[in-house]
Amino acid sequence: MASSRQHSGRMPVVAALQALINARQENQMVITNQASARVYPQLSQHPLDFHYNPSTMGGAIPLGLGLAIAQPRRQVIVVSGDGSLLMSLGALVTVVGKEVSNLTIVVLSNDMYEVTGGQKTPARPEALDLAGIARACGFTTALEFAELSSWQSCIAEIPSLPGPRFISLAVEPTPKEYLAAATPPLAEQLARLRRALDGNSLENP
Ligand SMILES: Cc1ncc(C[n+]2csc(CCOP(=O)(O)OP(=O)(O)O)c2C)c(N)n1
Ligand SMILES: [Mg+2]
């Protein structure tokens, strides 16, 4: 499995998310945030997914952690922006401290605050090793991908790796037509998620 940091090359973000959708498993919940909360719902709608307010920086990982604790028989995947993670790096420490094995964090590393206009994050991209930071926080699975083909070929294996898992994807800017899309209304999504959880046998072990 590829895990070394690569400084050159980025994958198209829509294809990166589509690969995640193609590899979807039955017991999976997906929480998106920032640009992914605009792109992902255009590619796939699933009652067990929740697309958080793109502006809630640092909100998705704590939300995913809570869901992973409350739903131990599900796999929870959180897709977060890199700038948001940088603003709340302590969340990685908390995730490891809670010993959740059913949580996977996927960071879309575009080195910018894309949803607010593409400002640079505070990082010097060539010096930043997010997977290395995650590893230092205690993630036993901490991977980085820059090539779409590597990501596509490894993704099916990821649920079998020890959790919590951290994955950084070096991605290109989001195409404008996707970035302009609205995230589905949160109240509707919450109602749908509650219904899906209530009606599912995984709720009652
Ligand atoms: C404390 C705080 N500062 C600034 C903002 C404005 N803001 C909302 S989203 C965002 C950028 C998020 O960037 P990133 O997490 O990298 O996601 P991307 O847009 O690249 O997908 C910013 C600066 C905010 N919501 N909260
Ligand atoms: Mg970003």
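Residues numbered from 1 in each chain as written. Chains lettered and ligands numbered in written order. Predicted model: local features only at pLDDT ≥ 70, side-chain atom pairs only at ≥ 80, totals over all residues. Heavy atoms only, no water.

A.B. asks: How should I be thinking about the coordination of the magnesium ion (ligand 2) in this particular structure?
C.D. replies: Four donors placed tetrahedrally around a metal ideally meet at 109.5 degrees, and six donors placed octahedrally ideally meet at 90 or 180 degrees. Only Asp82 (OD), Asn110 (OD1) and Met112 (O) from the protein coordinate the magnesium ion (ligand 2), and they sit 2.1 to 2.2 Å from it. Positions of the donor residues of the magnesium ion (ligand 2), expressed as sequence spacing, correspond to D-x27-N-x1-M. A residue pair is termed long-range when its members are at least 10 positions apart, and Asp82 in helix α4 (residues 82-87) and Asn110 in the loop between β4 (103-109) and β5 (112-113) qualify at 28 residues. (Donors = N, O, S within 2.8 Å, 3.2 Å for Na, K, Ca; no water. Helix = DSSP H or I, 4+ residues; strand = E, 2+ residues; numbered from the N terminus.)

A.B. asks: Explain the nonpolar core here, please?
C.D. replies: When a protein is soluble and globular, its nonpolar side chains tend to lie buried together. If you look at the biggest cluster of nonpolar residues, it comprises 31 residues, and the most contacted ones within it are Val76, Val95, Leu103, Ile105, Phe139 and Phe166. Taken together, the elements giving at least two residues each to this core come down to β1 (28-32), α3 (60-70), β3 (75-81), α5 (90-97), β4, α6 (130-137) and α9 (186-198). It is α3 that provides the largest number of residues to this core, a total of 5 residues. (Core = buried A, V, L, I, M, F, W, Y, C linked by side-chain atoms within 4.5 Å. Buried < 20%, exposed > 50% of the residue type's maximum accessible area, 1.4 Å probe, protein only.)

A.B. asks: Sorry, what's going on with the site of ligand 1 here?
C.D. replies: Around ligand 1 there are 16 residues in total, and Asp82, Gly83, Ser84, Met112 and Val115 lie nearest to it. Glu114 places a main-chain nitrogen or oxygen 2.9 Å from an oxygen atom of ligand 1. Here an oxygen atom of ligand 1 sits 2.8 Å away from a polar atom, N or O, in the main chain of Val115. Burial of ligand 1 by the protein amounts to 73% of the accessible area it has alone, namely 590 Å². Within the residue set of the shell around ligand 1, elements represented by two or more residues are α4 and β5. The element contributing the most residues to the shell around ligand 1 is α4, with 4 residues. Looking at side-chain class alone, the shell around ligand 1 contains 7 nonpolar, 7 polar and 2 charged residues. (Near = heavy atom within 4 Å. Polar contact = N/O pair within 3.5 Å; in protein donor to acceptor, adjacent residues only side chain to side chain. Areas by Shrake-Rupley, 256 points an atom, 1.4 Å probe, with all protein chains shown as cover. Nonpolar A, V, L, I, M, F, W, Y, C, P; charged D, E, K, R; others polar.)

A.B. asks: Before we go on, may I ask you to explain α3 in this structure?
C.D. replies: Owing to its 3.6 residues per turn, the α-helix brings residues three or four apart onto one side. Regarding α3, the residues found buried are Ala60, Ile61, Gly64, Leu65, Leu67 and Ala68. Buried residues of α3 fall within an arc of 165° about the axis and therefore sit on the same side. The secondary structure elements touched by the buried residues of α3 are β1, β3, α4, α5 and β4. (Arc of directions from axis to C-beta. Contact = heavy atoms within 4.5 Å.)

A.B. asks: Please explain the pattern of salt bridges as it appears in this structure.
C.D. replies: Close approach of charged atoms allows side chains of opposite charge to pair. The full count for this structure, using the stated rule, is 3 salt bridges. Among the salt bridges present, the one from Arg124 reaches Glu126, with a minimum N-O distance of 3.1 Å. Take Glu126: its relative accessible area is 45%, and that puts it in the partly exposed class. (Salt bridge = Lys/Arg side-chain N within 4 Å of Asp/Glu carboxyl O.)

A.B. asks: Mind showing me how you'd approach the side chain of Arg74 here?
C.D. replies: With respect to the helices, strands and loops of the structure, Arg74 is situated in the loop between α3 and β3. Judged by its relative accessible area of 2%, Arg74 is buried. Of note is the side chain of Arg74, whose polar atom sits 2.7 Å from the side chain of Gln71.

A.B. asks: Would you mind going over unusual backbone geometry with me for this structure?
C.D. replies: For residues besides glycine, phi is generally negative; the peptide bonds are generally trans as well. The omega torsion of the bond from Gly163 to Pro164 falls at 0°, within 30 degrees of zero and hence cis. Its location among the elements puts Pro164 in the loop between α7 (148-154) and β8 (165-170). With phi around 55°, Gln34 is a residue other than glycine that occupies positive phi space. Mapped onto the fold, Gln34 is located in the loop between β1 and α2 (36-43). Looking at Gln34, the relative accessible area reads 7%, which means it is buried.

Bear in mind that shape data such as this cannot, by itself, settle questions of function.
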